[in-house]
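Given next are the chains, with one letter for each unit.
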Amino acid sequence: MTINRTNYETYFLRYVDGDLSDAEQLMVDGFVAENTNLATELESLLQTKFIPDTTVVFANKEKLYKKENKERTVLFFTWQKIAVAAAFIGLVFMAWILMPTKDSVHPIVINAPIKNKVADLIPNKESKHPIAINSIEKNKVADLMPTKNSIPFNSNKKQPIYNYTVQLKNPVNNKKSTQKNNTSIAVLDNATIKANDSRLTIKNNENKSPNKALNSAATDAIALQDQSEKTATANKTLAASEQINIAVSNNTNESSTKMHRTVYKELDTETDNNSLYVGSIELNKDKLRGLFRKAASLLKRKSDEPTNNTLIAQNNPSFN
Amino acid sequence: MTEFEYNQCVTLYADNVFRFIMKNIGHEADARDIVQSAFEKMWLNKQHVITEKSKSYLFTVAYHQMIDHIRKTKKTKIVSSFEQDERVVYQTNNQLKETLMQALNQLNETQKSLVLLKDYEGYNYQEIGEIMNLSESQVKVYLHRARLQLRNYLVSKENIS
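Residues numbered from 1 in each chain as written. Chains lettered and ligands numbered in written order. Predicted model: local features only at pLDDT ≥ 70, side-chain atom pairs only at ≥ 80, totals over all residues. Heavy atoms only, no water.

Below, the discussion takes up the overall build of chain A. Along its length, chain A carries 12 helices and 2 strands. Secondary structure of chain A in N-to-C order comes out as α-α-α-α-α-α-α-α-α-α-α-β-β-α. Looking at the 320 residues of chain A, the share that counts as buried comes to 36%. A separation of at least 24 residues holds for 67% of the contacts in chain A among residues at least 6 apart in sequence. Looking at chain A as shown, the accessible area adds up to about 19,800 Å², and 58% of this sits on carbon and sulfur atoms. (Helix = DSSP H or I, 4+ residues; strand = E, 2+ residues; numbered from the N terminus. Buried < 20%, exposed > 50% of the residue type's maximum accessible area, 1.4 Å probe, protein only. Contact = heavy atoms within 4.5 Å. Areas by Shrake-Rupley, 256 points an atom, 1.4 Å probe, with all protein chains shown as cover.)

What follows is the structure, encoded as structure tokens:
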């Protein structure tokens, strides 16, 4: 396509815009040279071309410059400090919560060993290892554990041990149930001697524990003795049961002593100061003590459940 | 785009963008705000901006922000002369240049931008179309009409004077 008088304006405009190729520019130059009357028109179009005004500049370019914000480490450090502070506060709070006090923690601690000792006294049903009592030393529960040289132990004889231990563990709560359930106690041959031992133990401790609960336990023990004496003559394995009874009496003595301590300290808690100061904050101990009591009752209830199951199993006449 | 490349863009193109916006709207403070916004946007999207097309990106963002600004302020008043400001250095203008600036202000916003992008920055039709969201043929037609309008203004001024 060549330039002519009909399309020259488009070529001129493209010439001003610099959109023409070198050949087209030469063609336009030649056309203008041939048509001088159109040269002024090209000149006027060229005057519409703006020249960049370099005097207009953006002052204070520094405002536009950017720098990568590398404060993440500072932020991390801040979060780290907050985390450490929170962890420290949490540890202090947990230590305050879990810290054993003289009054509220002992009942839980004391109940636990009793439970363990009761469990230790019960031989595993699956294992046929006989229980041997090698020693009658006080406070040695390990002696009650089965050994190779132990005397064969009849499964019937473990029932009175467990029954009696349970009765002494919770003398107040089980008082009525023990009296009502005389048959389960009476049929147990070994209970007689155990009751004797325990009664003696409790009597020895009476001066140290003027407690109603303990008195009731002693009364139970006496009643138990009366009930069990009627059936004591039918005991065929008296020799083995004597050894067991000695061990049980030791255990009972220990349990009753701890039980005495438990009740006595619960009474002491009522006289304590109920206020506890953490910094400037005053807290009421009774509220937390209530939580502890609930937890202890839950634990106690859980520990009683297997005991009750065992009692039911022991009431089975097949064991006799 | 890295931090270094961004700062290079500031050094290389801040004046160009400012000049383009300033000649379009004729208000320095608004022009500065638009330029700052354009660079701020480029900084925020620097990970997605290709360095080779950073100038185009800047002009595109600045142009659209300028259009938004014009629509918001409905500033259709033709500014016949630029206000003097200590932060803007003005060259000694001759008569033709003043007349040409007056002629530029007779154009509409699109024509003004087309002429300035073409003459100031030297973009071709396609690049101008990408910046202004126009087709290449539209750019060509609108630009030629603007040229003819400028020429007519200059010729008429010459005739009057």
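Having seen it, we continue.
All names here are of chain B. Burial runs high along helix 5 (residues 109-119): 9 of the 11 residues are buried. The complete set of buried residues in helix 5 reads Gln 111, Lys 112, Ser 113, Leu 114, Val 115, Leu 116, Leu 117, Lys 118 and Asp 119. The N-cap residue of helix 5 is Asn 108: its side-chain oxygen and the backbone nitrogen of Thr 110 are 3.2 Å apart. (Polar contact = N/O pair within 3.5 Å; in protein donor to acceptor, adjacent residues only side chain to side chain.)

Our next topic: the interface of chain B and chain A. Chain B puts 42 residues into the contact, and the matching count from chain A is 31 residues. Summed over both partners, the interface of chain B with chain A comes to about 3,700 Å²; 59% of that surface belongs to carbon and sulfur atoms. For the chain B face of the interface with chain A, the top three residues by lost area are Arg 19, Arg 147 and Arg 151 of chain B, together amounting to 15%. On the surface where chain B and chain A come into contact, there are 7 salt bridges. Taking the shortest distance from any N to any O, the salt bridge between Asp 15 of chain B and Lys 61 of chain A comes out at 3.1 Å. Taken together, the connections running from chain B to chain A amount to 17 residue pairs in polar contact (both at pLDDT 80 or more). Elements represented by at least two residues in the side of chain B that touches chain A include exactly helix 1 (3-25), helix 2 (28-44), helix 4 (95-105), helix 5 and helix 7 (136-160) of chain B. Residue contributions to the side of chain B that touches chain A peak at 11 residues, all from helix 1 of chain B. (Buried area = accessible area lost by both parts, 1.4 Å probe. Salt bridge = Lys/Arg side-chain N within 4 Å of Asp/Glu carboxyl O.)

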